[in-house]
Amino acid sequence: MTITTAPLVEITQRGDIAWITLARSPRANALVPDLLDAVSAALDTATSSGARAVVLTGKGQVFSAGGDVREFRERIGRPAELHVYSARLVGLLNEVILKLHTLPVPTVCGMNGALTGGSLGLALACDVRVLHEQAWIQPYYAQMGFAPDGGWTALLPAFVAAADARSWIARDEKRNAGRLARMGLGEGPVSDAHFHDRVQDEAERLAHHDAATLITARRLLGPPDLAHRLEAEREAFLDLVQRSDTHQRMISFVDG
């Protein structure tokens, strides 16, 4: 059953489970302020509707391509506008990550495909991640000249060794679903034919457990200074996004 459909986010109900789907598929579900606002509102709608668990996934073959580089590129040459846009985007991303981290019901990320850049935080903030067989993650920061955001330094070291996180960003490696599963970043890989049912099953399992236990575990496992560390990422992003080297990399990426 569809609860509501917005231009950038779809919310559907499957039993006690609310599915929130990033629906900016013509742009690979890339993050822009309106999309993040819509995700935040969808999370509020899902919890107020009585859902006992929430699934976050993407429409099409991509979970999310991270920040929309085209939007940054269009603001090159207008430093004040670029600063305001970047501050708003990363700030909203941090708000959604923190909302997921404190949501009063369990969350499952259905990683339906590729994930790059700051969208990592949307996945890591969920309690469980299910990996489609075609899912993969790549930072892309070293190619673009951006500072890591979306929890690459604030959240990822809670899942993998800090040295591995550092190496991953520096090498800009593309890691497929099998390797991600071995790293402990998700369950899978799951075939296309069984993916949605597996995600639903995981959400239903969590929905039947005591939510207070899960919420308490989230808080105790931390990181306790997550908001502060996400803000440090935002400030670093604002520093690097104004560099001429970063501008040239964005131009090359967008204009070919």
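Analysis parameters
- Residues numbered from 1 in each chain as written.
- Predicted model: local features only at pLDDT ≥ 70, side-chain atom pairs only at ≥ 80, totals over all residues.
- Heavy atoms only, no water.
- Buried < 20%, exposed > 50% of the residue type's maximum accessible area, 1.4 Å probe, protein only.
- Helix = DSSP H or I, 4+ residues; strand = E, 2+ residues; numbered from the N terminus.
- Pairing = 2+ DSSP bridges.
- Core = buried A, V, L, I, M, F, W, Y, C linked by side-chain atoms within 4.5 Å.
- Axes fitted to C-alpha atoms, helices over the stretch in contact; angles between N-to-C directions.
- Parallel < 35°, antiparallel > 145°, perpendicular 65-115°, else oblique.
- Left-handed = near helix turned anticlockwise from the far one by under 90°.
- Contact = heavy atoms within 4.5 Å.
- Salt bridge = Lys/Arg side-chain N within 4 Å of Asp/Glu carboxyl O.

K.L.:
I'm lost on the pairing of strand E6 (residues 107–111) in this one. Help?
P.N.:
Regular strands show a simple pattern: their side chains alternate between the two faces of the sheet. For E6, a buried count of five out of five residues is recorded, marking the element as mostly surrounded by other parts of the structure. The alternating pattern of E6 places Thr107, Cys109 and Met111 on one face and Val108 and Gly110 on the opposite face, and all of these are buried. Where strand E4 (residues 53–58) and E6 come together, four bridges link them in parallel fashion. Paired with Val55 across the bridge in E6 is Val108. Here four bridges tie E6 to strand E8 (residues 128–132), and the two strands are oriented parallel to one another. Residue pairing across strands places Met111 opposite Leu131, the latter belonging to E8.

K.L.:
What should I look at first to understand the nonpolar core in this one?
P.N.:
Side chains of a nonpolar character, in soluble globular proteins, are inclined to be buried together. Counting 67 residues, the largest nonpolar core has Ile20, Phe72, Met111, Leu122 and Phe146 as the members making the most contacts within it. The leading source of residues in this core is helix H3 (residues 79–102), at nine residues. If you look at the next biggest cluster of nonpolar residues, it comprises 13 residues, including Val55, Val108, Val190 and Ala207.

K.L.:
How should I be thinking about the packing of H3 against helix H10 (residues 226–240) in this particular structure?
P.N.:
The angle between the axes and the distance between the axes are what describe a pair of packed helices. Between H3 and H10, the least distance of the axes is 10 Å, while the angle of their chain directions is 160 degrees. Relative to H10, the element H3 lies roughly antiparallel. H3 and H10 meet at a crossing whose hand is right-handed. When H3 is examined against H10, the residues His83, Ser86, Ala87, Val90, Gly91, Asn94, Ile97, Leu98 and His101 are found in contact with a partner set consisting of Leu226, Ala227, Leu230, Glu231, Arg234, Phe237 and Leu238.

K.L.:
Would you take a moment to explain the sheet that holds strand E5 (residues 62–64) for this structure?
P.N.:
Note: strands within a sheet are paired through backbone hydrogen bonds, in either parallel or antiparallel orientation. Ordered in space as E5-E7-E9-E10, the four strands form an open sheet in which the pairing is mixed. Each of the sheet's edge strands pairs with one partner strand only, and the pair in question is E5 and strand E10 (175–176). As judged from the two bridges shared by strand E9 (residues 136–138) and E10, these two strands associate in the antiparallel manner. In the sheet register, Ile137 faces E10, and the bridge partner there is Arg175.

K.L.:
Explain the pattern of salt bridges here, please?
P.N.:
Taken as a whole, this structure holds 17 salt bridges when the rule is applied. Arg73 is the partner of Asp255 in a salt bridge, and the nearest nitrogen-oxygen pair spans 2.8 Å. Of the two residues, Asp255 is situated in helix H11 (residues 244–255) and Arg73 in helix H2 (residues 69–73); the sequence distance between them amounts to 182 residues. Here the salt bridges share partners, and the residues they tie into one network are Asp164, Arg171, Glu173, Arg175 and Arg179.

K.L.:
Explain the environment of Ala42 here, please?
P.N.:
Following the sequence through the fold, Ala42 ends up in helix H1 (residues 33–48). Ala42 gets classed as buried once you look at its relative accessible area, which sits at 3%. Contacts of Ala42, omitting those with residues within four sequence positions, involve Val9, Ile11 and Ile20.

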